[in-house]
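Letter by letter, the chains look like this.
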Amino acid sequence: MPSFDWPSLRDRIGRSIGPIGLEIDEHQIRIAQLDARGDQVAIRDVACLKLRTPTDALLQDPREARRVLDEAFRRGRFSGRHIITHAPAEHLRLMVLNYSIDSALTESAQILGLTQERVRDDLRDYVVDFVPIRTSGDQTGDRSALVAITPEEPVVQHLERLRRAGLKVGALEIAPVSMRRLVAQSHADNDEIILLIRMRRKTTELTVLSGKRLLLFREVDGGFEAILELAAKSMDSDEETASDLLHSYGVGLPGPMSVDPGTPGDEDMLAGETDGIVTTLRETIRPALRRVVDQAHKAISYAAFQ
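Keep in mind that this is a model prediction, so the values were computed, not measured.

Participant: How would you summarise the overall build of the protein if you had to cite specific residues and measurements?
Facilitator: Looking only at helices and strands, the protein features nine helices and eleven strands. Across the 306 residues of the protein, 39% fall into the buried class. Considering only contacts within the protein whose residues lie at least 6 apart along the sequence, 56% involve residues at least 24 apart. As displayed, the protein has an accessible area near 17600 Å², and 50% of this comes from carbon and sulfur atoms.

Dropping the structure here:
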């Protein structure tokens, strides 16, 4: 799938601003951007756009899609229009292929041949990509790869909709790998082991990657719905109100960057109020995150063993 050399601001301002990560669900668009200063990578800004109409309908109206995204970028601290995103999930097929090293063929050629054996249609009508999986057989020449395959036409249509919305797509990946690429573009050490935690509605995905190799992918029970249920019960409110609070304030470290004061004299007061709300939200949902944290520790231990 396509890749892109991201323009870096490191030489001019001492830090590197990465591309914007864009995740699309049926009724939400989530965006995030990282920047790096030295060896430290930090979140520049994040936003979650809750849509009244399905995302597909929005993207089919390029003028409205551009307006919605422009407003989100303008209200936040996002920089640029270059994005990393994931392939449409509707027609995406994933498979794990096992193979042995063949000196007469490249790794890509071997995987393409094995994929053709699994798919009856002509692969020229498809987009195919793969991620090597690190296994104990690497030393003996036995290897595995996670292969993604999807019809080409829906992918081209998706890319065209994003282009018409004013975005410049640098990479289209399998969802967890797209987040890995987002981190890699803001961090010089591409061989570092990275744990990605992707929370869905009912489950949470844990992905461990080392460079371009997939070490672990695990799906555990407990997602955003469990957090909303706990937050709503604790605050004696409905889940929509709890969701609005979480999206407005988040549960990261409190601080003055999380407020937008109306006047300079109100800044300290608003920052203090925001800190209190963030602290309360974080303590409220902590039990719902405990299972995810425990599984994350197990994933890190597994990666260290590998």
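Participant: So what's going on with helix α3 (residues 62-75)? Residues and values would help.
Facilitator: An ideal rise of 1.5 Å per residue puts 20 Å on 14 residues; α3 measures up with 20 Å between its terminal C-alpha atoms. All of the buried residues along α3 are Ala 65, Val 68, Leu 69, Ala 72 and Phe 73. Summarising the axial view, the buried residues of α3 lie within an arc of 130°, below the 170-degree limit, and thus occupy one face. Turned more than 90 degrees from where α3 packs its buried face, Arg 63, Arg 74 and Arg 75 sit exposed. The secondary structure elements touched by the buried residues of α3 are β1 (16-24), β2 (28-37), β3 (40-50) and α2 (55-59).

Participant: Could you give an account of the pattern of salt bridges, with specific residues and numbers?
Facilitator: This model, assessed by the stated rule, comprises 18 salt bridges. For Arg 44, the salt bridge identified is with Asp 35, shortest N-O distance 3.5 Å. The exposure class assigned to Asp 35 is buried, which follows from its relative accessible area of 13%. Across the pair Lys 50 and Asp 244 runs a salt bridge, and its minimum N-O distance is 2.6 Å.

Participant: Tell me what's going on with the pairing of β2, and back it up with residues and numbers.
Facilitator: Within β2, seven of the ten residues are buried, leaving the element largely enclosed by the surrounding structure. Examined bridge by bridge, β1 and β2 share seven bridges and lie antiparallel to one another. Across the sheet, the residue bridging to Ser 16 is Ala 36, located in β2. Hairpin connection between β1 and β2: a loop of three residues separates the two successive antiparallel strands. Strand direction decides the pairing type here: β2 and β3, joined by ten bridges, are antiparallel. The residue bridging Ala 32 from the neighbouring strand is Val 46, located in β3.

Participant: Explain helix α4 (residues 107-118) to me, using residue names and the numbers behind them.
Facilitator: For α4, with twelve residues, the first-to-last C-alpha span of 17 Å sits near the 16 Å given by 1.5 Å per residue. Looking at the buried side of α4, the elements it contacts are β5 (93-100), β6 (126-133) and β7 (142-151).

Participant: Mind laying out the confidence of the model for the protein, listing which residues take part and the relevant values?
Facilitator: Per-residue confidence for the protein averages 78 on the pLDDT scale, and 78% of its residues sit at or above 70. In the model of the protein, helix α1 (residues 10-13) stands out as the element of lowest mean pLDDT, 36, in contrast to helix α5 (residues 152-164), which has the highest, 93. In this model, residues 1-14 is a region of pLDDT below 50 whose contacts with residues beyond four sequence positions or in other chains number 31 contacts. Within the model, pLDDT remains below 50 along residues 254-267, and this stretch shows 14 contacts once partners closer than five positions in the same chain are excluded.

Participant: Could you give an account of the nonpolar core, naming the residues involved and the relevant values?
Facilitator: Judged by nonpolar contacts, the single largest core of 19 residues is most densely connected at Leu 22, Ile 29, Ile 31, Leu 49, Leu 69, Phe 73 and Leu 167. When residues of this core are assigned to their parent elements, the largest contribution, five residues, is made by α3. Not counting the four nearest positions on each side in its chain, Phe 73 is found in contact with Ile 20, Ile 31, Phe 78, Arg 81 and Leu 167.

Participant: Would you mind going over the packing of helix α7 (residues 224-235) against helix α8 (residues 239-249) in detail, with residue names and values included?
Facilitator: Relative orientation of the contacting elements α7 and α8 amounts to 105°, with a least axis distance of 8 Å. Relative to α8, the element α7 lies roughly perpendicular. Contacts from Phe 224, Ile 227, Leu 228, Glu 229, Ala 231, Ala 232 and Met 235 of α7 reach α8 at Glu 239, Ala 242, Ser 243, Leu 245, Leu 246 and His 247.

Participant: Kindly report on a negative patch on the surface, identifying the contributing residues and their values.
Facilitator: On the surface, a cluster of negative charge is made up of Asp 121, Asp 125, Glu 152 and Glu 153. Turning to its location among the elements, Glu 153 is positioned in helix α5. Under the relative-accessibility criterion, Glu 153 is labelled exposed at 56%.

Participant: Could you give me a rundown of the side chain of Ser 144, with the residues and numbers involved?
Facilitator: Following the sequence through the fold, Ser 144 ends up in strand β7. Judged by its relative accessible area of 10%, Ser 144 is buried. Here the side chain of Ser 144 touches Asn 98 through a polar contact of 2.6 Å, side chain to side chain.

Participant: Describe the sheet that holds β2, listing the residues and the values that go with them.
Facilitator: Ordered in space as β3-β2-β1-β4-β8, the five strands form an open sheet in which the pairing is mixed. In this open sheet, the two strands that pair with only one neighbour each are β3 and β8 (168-173). The mean angle between the axes of side-by-side strands here comes to 25°, regardless of whether they run parallel or antiparallel. Sheet contacts for α3: β1, β2 and β3; angle to β3, the most-contacted strand, approximately 140°. Of the strands in this sheet, β1, β4 (82-86) and β8 are in contact with α5, which crosses β8 at around 145°.

Basis of the calculations
Residues numbered from 1 in each chain as written. Predicted model: local features only at pLDDT ≥ 70, side-chain atom pairs only at ≥ 80, totals over all residues. Heavy atoms only, no water. Helix = DSSP H or I, 4+ residues; strand = E, 2+ residues; numbered from the N terminus. Buried < 20%, exposed > 50% of the residue type's maximum accessible area, 1.4 Å probe, protein only. Contact = heavy atoms within 4.5 Å. Areas by Shrake-Rupley, 256 points an atom, 1.4 Å probe, with all protein chains shown as cover. Expected span 1.5 Å × (residues − 1). Arc of directions from axis to C-beta. Salt bridge = Lys/Arg side-chain N within 4 Å of Asp/Glu carboxyl O. Pairing = 2+ DSSP bridges. pLDDT = per-residue confidence, 0-100. Core = buried A, V, L, I, M, F, W, Y, C linked by side-chain atoms within 4.5 Å. Axes fitted to C-alpha atoms, helices over the stretch in contact; angles between N-to-C directions. Parallel < 35°, antiparallel > 145°, perpendicular 65-115°, else oblique. Patch = residues over 30% accessible without salt bridge, like charges linked within 9 Å, V, L, I, M, F, W, Y side chains within 5 Å. Lys, Arg positive; Asp, Glu negative; His and termini not counted. Charge placed at Lys NZ, Arg CZ, Asp CG, Glu CD. Polar contact = N/O pair within 3.5 Å; in protein donor to acceptor, adjacent residues only side chain to side chain.

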